[in-house]
Amino acid sequence: MSLSDLTPMTKIEVVVGSDDVREIGDLMQSLGARGYTAITGVAGVGHNGPRGGRLLFNDHDALTLLVTVVDPERADAIVAGIRPILDHASGVMFVSPTAVSRPDYFA
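What you see is a predicted model, and the numbers here were worked out from it, not measured in a lab.

Draft legend 1. Highlighting the overall build of the protein. Looking only at helices and strands, the protein features two helices and six strands. Here the analysis covers contacts within the protein between residues at least 6 apart in sequence; of these, 78% occur between residues at least 24 apart. Accessible area of the protein: about 6800 Å², with a carbon and sulfur share of 53%.

Draft legend 2. Here's a closer look at the pairing of strand β5 (residues 63-70). Across the eight residues of β5, eight count as buried, placing the element largely inside the fold. Every second residue of β5 is oriented toward a common face, with Leu63, Leu65, Val67 and Val69 on one face and Thr64, Leu66, Thr68 and Val70 on the other, all of them buried. As paired strands, strand β1 (residues 7-17) and β5 are joined by eight bridges and run antiparallel to one another. Residue valine 14 lies in a different strand from β5, and its bridge partner there is leucine 66.

Draft legend 3. Just the nonpolar core, in detail. Counting 16 residues, the largest nonpolar core has Ile12, Val14, Ile24, Met28, Ile78 and Ile82 as the members making the most contacts within it. At the level of secondary structure, the elements contributing two or more residues to this core comprise β1, α1 (21-30), β5 and α2 (72-88). By size, the runner-up hydrophobic cluster in this structure holds five residues, among which are Val15, Val42, Leu63 and Leu65.

Draft legend 4. Inspection of the sheet that holds β1 at higher detail. In space, the four strands of this open sheet follow the order β2-β5-β1-β6, with antiparallel pairing throughout. Where the open sheet ends on each side, the last strands, each with one partner, are β2 (37-42) and β6 (91-100). Each neighbouring strand pair of the sheet contributes to a mean axis angle of 20°, computed without reference to strand direction. Note that β1 and β6 share ten bridges and pair antiparallel.

Draft legend 5. Fine view of the pattern of salt bridges. Within this structure, the stated rule accounts for one salt bridge. The closest approach of N and O atoms between aspartate 71 and arginine 74, which form a salt bridge, is 3.8 Å. Given the relative accessible area of 32%, arginine 74 is considered partly exposed.

Draft legend 6. Region of interest: α2. Looking only at α2, the buried set comprises Ala75, Ile78, Gly81, Ile82, Ile85 and Leu86. Buried positions along α2 lie against β1, α1, β5 and β6.

Draft legend 7. Geometry of the packing of α1 against α2. Remark: α1 packs on α2, axes separated minimally by 9 Å, with the N-to-C direction vectors making an angle of 160°. Our classification of the angle between α1 and α2 gives roughly antiparallel. Handedness of the α1/α2 crossing: right-handed. Counting all contacts with α1, which are made through Glu23, Ile24, Leu27 and Met28, the residues of α2 involved are Ile78, Gly81, Ile82 and Ile85. Tallied by class, residues from the contact of α1 with α2 come to six nonpolar, one polar and one charged.

Parameters and conventions
Residues numbered from 1 in each chain as written. Predicted model: local features only at pLDDT ≥ 70, side-chain atom pairs only at ≥ 80, totals over all residues. Heavy atoms only, no water. Helix = DSSP H or I, 4+ residues; strand = E, 2+ residues; numbered from the N terminus. Contact = heavy atoms within 4.5 Å. Areas by Shrake-Rupley, 256 points an atom, 1.4 Å probe, with all protein chains shown as cover. Buried < 20%, exposed > 50% of the residue type's maximum accessible area, 1.4 Å probe, protein only. Pairing = 2+ DSSP bridges. Core = buried A, V, L, I, M, F, W, Y, C linked by side-chain atoms within 4.5 Å. Axes fitted to C-alpha atoms, helices over the stretch in contact; angles between N-to-C directions. Salt bridge = Lys/Arg side-chain N within 4 Å of Asp/Glu carboxyl O. Parallel < 35°, antiparallel > 145°, perpendicular 65-115°, else oblique. Left-handed = near helix turned anticlockwise from the far one by under 90°. Nonpolar A, V, L, I, M, F, W, Y, C, P; charged D, E, K, R; others polar.

Structure (structure tokens):
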């Protein structure tokens, strides 16, 4: 298989606090994403300084990375739906072109 055999898609990645995961995951699926991957306990440094990964006693303050891959035609609606959530919640969104070997997994 070569790169020319891959199908172009759009990858949407969102880092948010645990309290917003369900809302964003539900939104992604309601707008055409077949699913998403959630990686909990991510850490990083942003505008508000460092944010830790997994917390010892409470996961409400933990960050989660949600990743979905969709047809480019569906990406605009998902991005437009997530933007208002990020206006009132802490988080960041990345959108990038990608390519997949099994497009039926994402259609």
